[in-house]
Amino acid sequence: MPFQLIALDLDGTVIDHDLTIHPDVRETIAAVQARGIDVTLATGRMFGAALPFARELDIRAPIICYQGALVRHPLTGDTLYHAAMPAELAAAAVRELLDADMCVIAYIDDIHHITAYRPELERYLAFHPEGTEMVVTPDLDRLVERVPPTKLLFVAEPPVVERELMRLTARFGGALAVVRSHAIFGELTAPHVSKGNALSALAQSLGAPREAVLAIGDQENDISMITWAGLGLAMGNATPAVRARAHAVLPPVSEAGVAHALRRYVLNCAS
């Protein structure tokens, strides 16, 4: 069956470590869309941080943000789906992370809320040259209990992120979705939120059957959409867990792996 919907992770898949898009990737995405095939971005980034890349690529389908907690149209701004975290659980998660001395960010209405400026924030902000609004909120747990956030993110060294993810998963179980989006980022969202579930809902709204959906990613938070899609592909720079669950492994982002995939599986050109 010809593909009708292509879902692309952003960081490490479409954009390289320097936050640029390889010209071959830009050109092949344009060629795919010229054939009338929908292309979406599926990212942990908030809508405002994903939008510049959507505009650069002329994405015309709704994009998946916040690990699947928000699906919004990049052209109209219309929200198709939004799942905020349960307020009491969000507050409990914030307290757990602050007690562990983690640098925590709560996302409310596309605004970052932090307890204080910490050195770890510089590593996060390096991924956001578009600029971000940071609001210092010392009583962050009380804020998220009043106004439920879309997502919580914490920044730490990779071994610490792994430890905290295990601890948070054991603490909250299925009551919250807990994922790793980068070696130094751990994230929490509402239960059942995932890129895979959001992609399934988006595909249904666009009339694309599962077997006509292609998904590409590189991190653990991409596994749900890679395994749901009719064809799920891992970047050459993907983590071992992602590579193990994918149908095939592509060249890395530095070698325009997305362009390779689109030519081979969608445009049917020589790779």
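Please refer to the structure placed before this passage.
Basis of the calculations
Residues numbered from 1 in each chain as written. Predicted model: local features only at pLDDT ≥ 70, side-chain atom pairs only at ≥ 80, totals over all residues. Heavy atoms only, no water. Helix = DSSP H or I, 4+ residues; strand = E, 2+ residues; numbered from the N terminus. Rg over C-alpha atoms; globule rule 2.2 N^0.38 Å. Buried < 20%, exposed > 50% of the residue type's maximum accessible area, 1.4 Å probe, protein only. Areas by Shrake-Rupley, 256 points an atom, 1.4 Å probe, with all protein chains shown as cover. Lys, Arg positive; Asp, Glu negative; His and termini not counted. Charge placed at Lys NZ, Arg CZ, Asp CG, Glu CD. Polar contact = N/O pair within 3.5 Å; in protein donor to acceptor, adjacent residues only side chain to side chain. Contact = heavy atoms within 4.5 Å. Pairing = 2+ DSSP bridges. Axes fitted to C-alpha atoms, helices over the stretch in contact; angles between N-to-C directions.

A. Fine view of the overall build of the protein. Secondary structure summary: the protein contains ten helices and 14 strands in total. For 271 residues, the compact-globule estimate of 2.2 N^0.38 gives 18 Å, and the C-alpha radius of gyration of the protein, at 18 Å, lies within 12% of that figure. Taking the principal axes of its C-alpha atoms as reference, the protein extends roughly 55 × 35 × 35 Å. Residues classed as buried in the protein amount to 54% of the 271 residues present. When the accessible area of the protein is evaluated, it comes to approximately 11,100 Å², of which 52% is carbon and sulfur surface. Taking the average place of the 22 positive charges on the side chains of the protein and the average place of its 32 negative ones, the gap between the two points comes to 4 Å.

B. Up close: the side chain of Thr-40. Turning to its location among the elements, Thr-40 is positioned in strand β2 (residues 38-41). Classification of Thr-40 by relative accessible area gives buried; the value is 0%. Among the polar contacts made by the side chain of Thr-40, one reaches the main-chain carbonyl oxygen of Pro-62 at a distance of 2.6 Å. Residues in contact with Thr-40, not counting those within four places in the same chain, are Leu-5, Ile-6, Ala-7, Leu-8, Ile-59, Pro-62, Ile-63, Ile-64 and Leu-202.

C. Geometry of the pairing of strand β9 (residues 151-155). With five of five residues buried, β9 lies mostly within the body of the structure. Where burial is concerned, the two faces of β9 agree: the one with Lys-151, Leu-153 and Val-155 and the one with Leu-152 and Phe-154 are both buried. Pairing between strand β6 (residues 103-108) and β9: five bridges, direction antiparallel. Paired with Cys-103 across the two strands is Val-155, which belongs to β9. As paired elements, β9 and strand β11 (residues 185-189) share four bridges and run antiparallel to each other. Bridging from a neighbouring strand, Leu-152 pairs with Leu-188 of β11.

D. Inspection of the sheet that holds β6 at higher detail. The strand order across the open sheet formed by six strands is β8-β7-β6-β9-β11-β10, and the pairing between neighbours is mixed. If you trace the sheet from one side to the other, it starts and ends with β8 (134-136) and β10 (177-182), each paired once. On average, each strand axis in the sheet is inclined to that of its neighbour by 30°, with strand direction left out of account. Pairing of β6 with strand β7 (residues 111-114) involves three bridges; the strand directions are antiparallel. Counterpart to Ile-108 in the pairing with β7 is Ile-111. Relative to β9, helix α3 (residues 87-99) is tilted by about 5°, and along the sheet it contacts β6, β9 and β11. Across the face of the sheet, helix α6 (residues 158-172) comes into contact with β9, β10 and β11 while running at roughly 165° to β10.

E. Quick look at the sheet that holds β2. Pairing within the open sheet is parallel, and its five strands lie in the order β2-β1-β12-β13-β14. Single-partner strands in this sheet number two, and they are β2 and β14 (248-249). Against the sheet, helix α10 (residues 257-267) makes contact with β1 (5-8), β12 (213-217), β13 (231-234) and β14, and its axis sits at roughly 160° relative to β12, the strand it touches most.

F. Representation of the environment of Ala-246. With respect to the helices, strands and loops of the structure, Ala-246 is situated in the loop between α9 (240-245) and β14. Ala-246 sits in the buried class, given a relative accessible area of 14%. Separated by 23 residues in the primary sequence, Ala-246 and Ile-223 have C-alpha atoms spaced 8.0 Å apart. Setting aside its immediate chain neighbours within four residues, Ala-246 contacts Ile-226, Gly-232, Leu-233 and Ala-234.

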